[in-house]
Amino acid sequence: MTDAAPSVFSKLLPTLLTLVLSATGGWIATLLAVPASWMVGGVLAVTAGAMMGFPIAMPDRLRDLAFLLIGMSMGASVAPDSLQLIASWPVSIAALAIELVLIIAATGWMLARFFKLDTGTAYLSSFPGHLSFVMGIASAGVGDARQIVIIQVIRILMLTICVPIGTLFLPIDHFAPPVATEFLGLWQLLALAAGCLAVGLVFIKLKVPAGLVLGSMAAATLAKLGGLYVEAMPVPLTTITFILTGALIGSRFAGISRAEFATAAKGGLIATSMTVGIVTVIAYGVSLLVDMPFGQIWLGLAPGALEGMGALGIALGYDTAFIAAHHVIRLLLLSFAIPIVVVLIRRRGLATIGRQG
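Residues numbered from 1 in each chain as written. Predicted model: local features only at pLDDT ≥ 70, side-chain atom pairs only at ≥ 80, totals over all residues. Heavy atoms only, no water.

## Observations regarding the overall build of the protein chain
If you tally the helices and strands in the protein chain, you get 15 helices and zero strands. Long-range pairs, those at least 24 residues apart, make up 76% of the contacts in the protein chain with a sequence separation of at least 6. (Helix = DSSP H or I, 4+ residues; strand = E, 2+ residues; numbered from the N terminus. Contact = heavy atoms within 4.5 Å.)

## So, the packing of aromatic side chains
By the definition in use, this model includes two aromatic pairs. Seen in terms of ring centroids, Trp-89 and Phe-322 are 5.8 Å apart; in terms of plane orientation they differ by 75 degrees. Their pairing is edge-to-face. With a gap of 233 residues between them, Trp-89 in helix α5 (residues 89-114) and Phe-322 in helix α15 (residues 320-356) connect regions that are remote in the sequence. In this structure Trp-89 comes out as buried when scored by relative accessible area, which is 12%. Note on Trp-109 and Phe-114: the rings are 5.5 Å apart at their centroids and 85 degrees apart in plane angle, and the pair reads as edge-to-face. Its relative accessible area of 48% is what places Trp-109 among the partly exposed residues. Positioned above the aromatic ring of Phe-114 is the side chain of Arg-113, whose terminal nitrogen or guanidinium carbon lies 5.3 Å from the ring centre. (Phe/Tyr/Trp six-rings, centres within 6.5 Å; stacked < 30°, edge-to-face > 60°. Buried < 20%, exposed > 50% of the residue type's maximum accessible area, 1.4 Å probe, protein only. Lys NZ or Arg CZ within 6 Å of the ring centre and 35° of its normal.)

## Quick word on helix α13 (residues 294-301)
α13 sits mainly inside the fold: eight of its eight residues count as buried. Considered for burial, the residues of α13 that qualify are Phe-294, Gly-295, Gln-296, Ile-297, Trp-298, Leu-299, Gly-300 and Leu-301.

## Section: helix α10 (residues 211-225)
Across its 15 residues, α10 extends 21 Å between first and last C-alpha, which sits within 8% of the 21 Å expected from 1.5 Å per residue. Burial of α10 is extensive: 11 of the 15 residues sit out of reach of the surface. Turning to α10, its buried residues are Gly-211, Leu-212, Val-213, Leu-214, Gly-215, Ser-216, Met-217, Ala-219, Ala-220, Thr-221 and Ala-223. Positive backbone phi, at 80 degrees, marks Gly-227, one or two positions downstream of α10. (Expected span 1.5 Å × (residues − 1).)

## So, unusual backbone geometry
Backbone geometry places Lys-116, a non-glycine residue, at a positive phi of 55 degrees. Here Lys-116 falls in the exposed class, since its relative accessible area comes to 64%.

## Here we look at the pattern of salt bridges
Charged atoms that come close allow side chains of opposite charge to pair. Applying the stated criterion to the full structure yields three salt bridges. A salt bridge links Asp-60 to Arg-63, with the nearest nitrogen and oxygen atoms 3.6 Å apart. With Asp-60 and Arg-63 both in helix α3 (residues 60-76) and three residues apart, the pair spans about one turn of that helix. Taking the relative accessible area as the measure of exposure, Arg-63 reaches 29% and is therefore partly exposed. Between Asp-64 and Arg-63 there is a salt bridge, with its nearest N and O atoms 3.0 Å apart. Ionic contacts of the salt-bridge type, sharing partners, join the residues Asp-60, Arg-61, Arg-63 and Asp-64 into one network. (Salt bridge = Lys/Arg side-chain N within 4 Å of Asp/Glu carboxyl O.)

Structure below.
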C-alpha cells in the first residue's frame, strides 16, 4: 500500500501541475486586467511550462469535462435575439468561404516557397482547422507530422491571445457579459449537464467534428430558447471552465522540444500572422455590410479552436450562436476541401517523380 500511494500521486502530478499553472496564469492575468484573463493567462502559463520541460498533461476525461462545460457555457450565453439575426449570416458565410481559399493558398505557397517545406507539409500546415483530420492524413504519410502539428498549434495559440490583447490597444468592440442576478442551482446544473452529455455523445457517435462541444451547446441552447431555464452559469463554474480551457490549449505543446519548436516556429508565426491579416480584412469588410460588432465577426471567421473561440465569445460578451455556427460551417467546408487538396498534392508528387524518372 505504501508504494501504491506515491505511484498514484506521480501519475496525478502532471495533471495537477497543469491545472495549477493555468489557474496561476489566469489569476495574474486577472490582476493585470487582461480581457478573458482566466483563459488567456492559463494558456500562456501552461504553454511556458511545456516549453520549459515541465510534465504537462490533460487526461482525456478532464479534456471531455472541459468540452462539456464549454458547450454548456456557450449555450447558456446565447443571445435571446440570435434567431432574428440569422438573416444577416449569408454575407458572413460567403466571406468565410472566400477567406478559407485565401488562407490556404497564400500560407501554403509561402511555407513552400520561403521555408522550403515539401508541398504536403506546407499545405497541411496551412489548413485553418480540422486538426485531427489533418494529423490523420499526415500520419498516413503526407507531409512531416511533427512540423505540421507545431505550426497548427502555434496558430491556435496566437489566435486565442490575439483578440483579448487586441482589445487593449485596438478599437475593437467588446462588451462586459450581461450581469446576471439569477444563477442555475445544483439540480438544474446536473440536469442540464446530463442532457448536454447525452446530446454530445450522440454527436460523437454521428462523427460530428468537436461533437461533445457542439452537442453540449446544442442541448443548452435549445433548452434556453425553449424556456426551460433563463438563469446564468454560476461565476465560479465559469471561471473553472476558463481555467480548464487554458490548460487544454496550452497542453497541446506538451512533448514538443524547444529545438523542434524553434525549427517550425518562424514559419508558423508568419503563417498565422498572414491568417490574422486575412481574417481582419475580411471581417472588416463584413462589418461594413452587417450590423454586428467587429470583434464578434472576427471571432466567427477566425480559424481558431472552437472551444477557444467560443470561450472568448463568452468572456467578451458576444453572441456565441453566431460564433459557433460559423465554426461548424468552416469545419464542414474544410471536410470537403482537405481531401481535394491532398489528391492534388499526391498528383503533383507523382508528376514530379515522373519527370525525374
